[in-house]
Amino acid sequence: MKIQEFSSLLEKVRESNPLVHNITNVVVTNFTANGLLAIGASPVMAYAHEEAADMAKIAGALVLNMGTLTEKEVKSMLIAGKSANQHGVPVIFDPVGVGATAYRTETAKRILEELDIAIIRGNAAEIANAAGQNSSIKGVDAVEAAGNTSELAESAAKELGAVTVITGKQDIVSDGRSIYAINNGHPLLTKVTGAGCLLTSIIGAFSAVEKDPVKAAVTSLVVYGSAAEIAAEKTGGKGPGTFQIEFLNSLYNLSAADVESYGSFEKMIG
Ligand code: ATP
Ligand code: TZP
Ligand code: MG
Ligand code: MG
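Residues numbered from 1 in each chain as written. Chains lettered and ligands numbered in written order. Predicted model: local features only at pLDDT ≥ 70, side-chain atom pairs only at ≥ 80, totals over all residues. Heavy atoms only, no water.

Before going further, it helps to spend a moment on the nonpolar core. Within the largest apolar cluster, 49 residues are counted, with the highest numbers of intra-cluster contacts made by Ile39, Val173, Phe206, Tyr224, Phe243, Phe247 and Leu251. Filtering out sequence-adjacent residues up to four positions away, Phe243 remains in contact with Leu188, Leu189, Val192, Ala228, Ala231, Ala232 and Thr235. If you look at the next biggest cluster of nonpolar residues, it comprises 36 residues, including Ile23, Leu112, Ala162 and Ile166. (Core = buried A, V, L, I, M, F, W, Y, C linked by side-chain atoms within 4.5 Å. Buried < 20%, exposed > 50% of the residue type's maximum accessible area, 1.4 Å probe, protein only. Contact = heavy atoms within 4.5 Å.)

As a further point, take the site of ligand 2. All residues in the neighbourhood of ligand 2 are listed as Asn25, Val27, Val28, Gly67, Thr68, Val140, Thr193, Gly194, Ala195, Gly196 and Cys197. Contact distances for ligand 2 include 2.9 Å between an oxygen atom and a backbone N or O atom of Gly196. Its residues assigned to classes, the shell around ligand 2 comprises five nonpolar, six polar and no charged. (Near = heavy atom within 4 Å. Polar contact = N/O pair within 3.5 Å; in protein donor to acceptor, adjacent residues only side chain to side chain. Nonpolar A, V, L, I, M, F, W, Y, C, P; charged D, E, K, R; others polar.)

Quantified by volume, the largest pocket comes out at close to 1200 Å³. In this structure, the largest pocket is lined by 43 residues; those nearest its centre are Asn123, Thr167, Gly168, Leu189 and Thr190. Of all the secondary-structure elements, those providing two or more residues to the lining of the largest pocket are β5 (119–123), α6 (124–130), β7 (141–142), β8 (163–167), α8 (195–209) and α9 (213–235). Residue contributions to the lining of the largest pocket peak at four residues, all from α8. By residue class, the composition of the lining of the largest pocket is 18 nonpolar, 17 polar and eight charged. (1 Å grid on protein atoms, 1.4 Å probe; cavity = no way out; pocket = protein on both sides within 12 Å on 5 of 7 lines; lining within 4 Å. Points joined across faces, edges and corners; volume = space filled by probe spheres on them. Helix = DSSP H or I, 4+ residues; strand = E, 2+ residues; numbered from the N terminus.)

This brings us to the packing of aromatic side chains. Within a pair of aromatic rings, the relevant descriptors are the distance that separates the centres and the angle that separates the planes. For the coordinates displayed, the defined rule picks out four aromatic pairs. Between Phe6 and Phe265 the ring centres are 5.1 Å apart and the planes differ by 70°, which places this aromatic pair in the edge-to-face class. Linking Phe6 in helix α1 (residues 3–16) with Phe265 in strand β11 (residues 265–269), this pair joins segments that are 259 residues apart in sequence. With relative accessibility at 22%, the residue Phe265 sits in the partly exposed group. For the pair Tyr224 and Phe247, a centre-to-centre distance of 4.9 Å together with 85° between the ring planes defines the contact as edge-to-face. (Phe/Tyr/Trp six-rings, centres within 6.5 Å; stacked < 30°, edge-to-face > 60°.)

Let's shift gears to the site of ligand 1. Around ligand 1, a shell composed of 18 residues is seen, among which Arg121, Val140, Thr167, Asp171 and His186 lie nearest. At 3.2 Å from an oxygen atom of ligand 1 is found a main-chain nitrogen or oxygen belonging to Gly168. When the free accessible area of ligand 1 is taken as 610 Å², the share hidden by the protein chains comes to 85%. Put simply, ligand 1 lies in the largest pocket. Contributing elements (two or more residues each) for the shell around ligand 1: β5, β7 and α8. (Areas by Shrake-Rupley, 256 points an atom, 1.4 Å probe, with all protein chains shown as cover. Sits in = over half its atoms within 2 Å of the grid points.)

Our focus in this paragraph is the UniProt feature "binding site: ATP" (unreviewed entry) in the protein. In the UniProt entry, the feature "binding site: ATP" (unreviewed entry) is given for Arg121 and Thr167. These annotated residues cover 47 residues of sequence, and their C-alpha atoms lie no more than 7.5 Å from one another, placing them together at a single site. Residues from the annotated list that form part of the lining of the largest pocket: Arg121 and Thr167. Relative to the assigned elements, Arg121 resides in strand β5. Topologically, Thr167 is positioned in strand β8. If we ignore the near neighbours within four places in the chain, the residues touching Thr167 are Arg121, Gly122, Asn123, Ala124, Leu199 and Leu221. In this structure the side chain of Thr167 is engaged in a polar contact, spanning 2.7 Å, whose partner is the side chain of Arg121. (UniProt positions renumbered as here; feature names shortened; annotations may be inferred.)

Have a look at this one:
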């Protein structure tokens, strides 16, 4: 994987404007739609049981996010997910807060068992809980940096049969064989609600234009983290409100030269 491939995939998203079908949470819906528009994708949120299958089959990717679960929404996710699986549309899963309550843990398990998930993305505690390893979590936020995240990503990918993305100060991607580490990002991302959720949807946008899920995920993390670093420079100490706006501007304006000069990743194994 070369950094130049990331900028050409970004160009591909902007040229092809892929439809990304999101079934997401009520906290982040608007931010997710604006972030997907800024990167060059076409967002749609469609939850009704009557249309979830039809929307998923025409999308470039389906993103399922458990942030504010209800039984009705879980049913929408399963209907949309089965349709996506039948039509070869990649399904990306954000198990928000899994491990915080029994309901979240049971629902994540159900989604992982009933659907073929291409990529799962969460903080270290969420990925550990999704993979059946207990890890403490405070609501939807990771409480502390977990131990060895590259080992966790590798074992979770094997256990879940999905490319696994663990985010935090350093991001890790593994398919159970290879492991990549991505060093882009900025701590201000943790002060904007939905920064993780939007990232999962942007992984959806890249998955719509790149069949290799590892490459789609690594590209998303480099692009997203580089945009955050540029936005933080423009924020100039003002704080999360200004950063949130600058971050959308950065996703929109990010150039190939920016990706090539800010992008920082390494292949650890594989
Ligand atoms: P959490 O629920 O723990 O807040 P999340 O779902 O919001 O997690 P994050 O792990 O915060 O997701 O990841 C979202 C983005 O923020 C990723 O691009 C990640 O690299 C970046 N990020 C998170 N923490 C840091 C940090 N301390 N320094 C730099 N970038 C970070
Ligand atoms: N509560 C339920 S979902 C949600 C909150 C605060 C948003 C979580 O967003 P992220 O991207 O995990 O920070
Ligand atoms: Mg967060
Ligand atoms: Mg999250």
